[in-house]
Amino acid sequence: MPEAPPASAPAAPASKLSGGCIMILVVAGWFIALGAWMVWHLYGQVKEMRGFTDSTAQVIAPTAPSGEEKAALQLRLQTFAAAIDAKQPAKLELTAADLNHLLAAQEPVSRLQDIAKVEEITDVIRVKVALAINGIPLSGERLYLNGFIHVRPELKKDTGLVLLTRAIDVPGRQLTPGFTKAYLEANHLDGLALDEVRKDDKLKAYLTKLTAIRCEAGKVIAEYLP
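A tally of helices and strands in the protein yields six helices and seven strands. Counted from the first residue to the last, the protein has its helices and strands arranged as α-α-β-α-β-β-β-β-α-α-α-β-β. In the protein, buried positions account for 35% of the 226 residues. Carbon and sulfur atoms make up 61% of the accessible area of the protein, which totals about 14100 Å².

Right, dumping it as structure tokens:
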């Protein structure tokens, strides 16, 4: 009788996952873990912010100038700008009332009139603020930083005048070190006050041509020396 052919060895079971699939799963798992951490971190940040913010904004009452006050302030600004254009030495002094009149009536900074008001000028400018901060994304939650921001005007080589945030305080509340550090570094109030100004090439040129700026008791002094 013919011999039966030898039985072939059983085929090795095919791998259910290829190397590429395993890599995709590893990457997907990493992104899921990262996303979960970010969500957890965000919720933690919002929980912290709720401790020193409010659900509604405090009222910031603009101090609109009279017609005479507005005309006098605009004349001083125009005279200062004309001196810079003519390359003549000039000085401009602005009190807290002057700055508030600008916030209340002068474009483009007047968009801040409901969220910022100068309270006092010492070696810094103390600004009362009601600043909106986003809560949990997609929830519609809005938080408001109702307090005071202390800014110091300084001159930088590229941008000229900047308002550097030096301190933040919310009466009766304790801000977290992490939030304070991030807010000081972000310098939000400078952007709110001057970003629109810097979009106007002529106004931006005046900011960059200033040669000195400082705070004294009750006033901010800007100078131009050609």
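Structure shown, so let's carry the discussion forward.
A few words on unusual backbone geometry. Cis geometry is found at the peptide bond from Glu107 to Pro108, where omega equals 0°. Summarising the element assignment, Pro108 is placed in the loop between helix H3 (96-105) and strand E2 (116-121). With a phi close to 55°, Lys87 is a non-glycine residue in the positive phi region.

Quick look at the nonpolar core now. Ranked by internal contacts, the top residues of the largest apolar core, which has 47 residues, are Phe80, Leu99, Ile121, Ile125 and Ile149. The contact partners of Phe80, leaving out residues within four places of it in the chain, are Ala90, Lys91, Leu92, Leu210, Ala222, Glu223 and Tyr224.

It is worth spelling out the packing of aromatic side chains at this point. A full pass over the atoms with the stated rule returns two aromatic pairs. Ring plane angle 55° and centroid distance 4.9 Å describe the contact between Phe52 and Phe179, whose orientation is recorded as tilted. Of the two residues, Phe52 sits in the loop between helix H1 (19-49) and helix H2 (67-85) while Phe179 sits in helix H4 (residues 177-186), which places them 127 residues apart along the sequence. By relative accessible area, Phe52 is classed as buried at 1%. A connected cluster of aromatic rings, assembled from ring pairs, spans Phe52, Phe179 and Tyr183. When the ring centre of Phe148 is taken as reference, the NZ or CZ atom of Arg126 above it lies at 3.7 Å.

Sheet topology places strand E3 (residues 125-134) next to strand E4 (residues 142-156); ten bridges connect them, and they run antiparallel. Pairing of Leu131 across the sheet is with Leu145, part of E4. Summarising the sheet, E4 and strand E5 (residues 160-169) pair through nine bridges and their orientation is antiparallel. Its bridge partner lying in E5, Glu154 is registered against Val162. Here E4 folds back onto E5 in antiparallel fashion, the turn holding three residues.

Time to look at the packing of H2 against H3. H3 packs onto H2 with a crossing angle of 105° between their chain directions and a minimal axis gap of 11 Å. Relative to H3, the element H2 lies roughly perpendicular. Here H2 contributes Glu69, Lys70, Leu73, Arg76 and Leu77 to the contact with H3, which in turn contributes Asp98, His101, Leu102 and Ala105. Of the residues that constitute the contact of H2 with H3, the class distribution is four nonpolar, one polar and four charged.

This part covers the sheet that holds E4. Read across the open sheet, the four strands follow the order E2-E3-E4-E5; overall the sheet is antiparallel. Each edge of the open sheet is held by one strand with a lone partner, namely E2 and E5. Averaged over all pairs of adjacent strands, the angle between their axes in this sheet comes to 40°, without regard to strand direction.

The next point concerns the layout of surface pockets. By volume, the largest pocket is sized at about 1000 Å³. Per element, the largest residue contribution to the lining of the largest pocket is six residues, and it comes from H2. Taken together, the residues of the lining of the largest pocket sort by class into 31 nonpolar, three polar and one charged.

Let's shift gears to the sheet that holds strand E7 (residues 219-224). Ordered by their spatial adjacency, three strands build an open sheet running E1-E7-E6, and the pairing between neighbours is antiparallel. Single-partner strands in this sheet number two, and they are strand E1 (90-95) and strand E6 (212-216). Each strand of the sheet is rotated relative to its neighbour by a mean of 15°, with strand direction disregarded. Pairing geometry for E6 and E7, over five bridges, is antiparallel.

Definitions and cut-offs
- Per chain, residues are indexed from 1 in the order of the written sequence.
- Only residues with pLDDT of at least 70 get local features here, since the model is predicted, and only at 80 or more are side-chain atom pairs given and counted; chain-wide, interface and lining totals rely on the full set of residues.
- Calculation of side-chain values draws on the structure's entire complement of heavy atoms; hydrogens and water are dropped beforehand.
- Put simply, DSSP marks the helices as runs of H or I at least four residues long and the strands as runs of E at least two long, and each gets a number from the N terminus on.
- Only protein chains enter the accessibility calculation, which uses a 1.4 Å probe. A residue is then buried if its area is under 20% of the maximum for its type, exposed if over 50%, and partly exposed in between.
- Surface accessibility follows the Shrake-Rupley procedure with a 1.4 Å probe radius. Residue values consider only the protein chains on display as shielding.
- In these notes, a set of buried Ala, Val, Leu, Ile, Met, Phe, Trp, Tyr and Cys residues joined through side-chain atoms within 4.5 Å is what counts as a nonpolar core.
- Contacts were defined at the residue level, with two residues in contact if any of their heavy atoms lie within 4.5 Å.
- A pair of aromatic rings is counted whenever rings of Phe, Tyr or Trp (Trp by its six-membered ring) have centres within 6.5 Å, and the orientation is called stacked for planes under 30 degrees apart, edge-to-face for over 60 and tilted otherwise.
- For a lysine, the NZ atom is tested; for an arginine, the CZ atom; a charge sits over a ring if that atom is within 6 Å of the ring centre and within 35 degrees of the ring normal.
- Strand pairing is defined by DSSP finding a minimum of two bridges between the two strands.
- Axes here mean lines fitted to C-alpha atoms, for a helix over just the part in contact, with angles spanning 0 to 180 degrees between N-to-C directions.
- Here roughly perpendicular refers to angles of 65 to 115 degrees, roughly parallel to angles under 35, roughly antiparallel to angles over 145, and oblique to all remaining angles.
- Gly is placed with the polar residues, together with every amino acid not listed as nonpolar (Ala, Val, Leu, Ile, Met, Phe, Trp, Tyr, Cys and Pro) or charged (Asp, Glu, Lys and Arg).
- The pocket and cavity definitions rest on a 1 Å grid over protein atoms only: a 1.4 Å probe that fits but cannot leave marks a cavity, an open set with protein on both sides within 12 Å along at least five of seven lines marks a pocket, and residues lining either have an atom within 4 Å of a point.
- Grid points are joined across faces, edges and corners, and a volume is the space filled by probe spheres set on the points.

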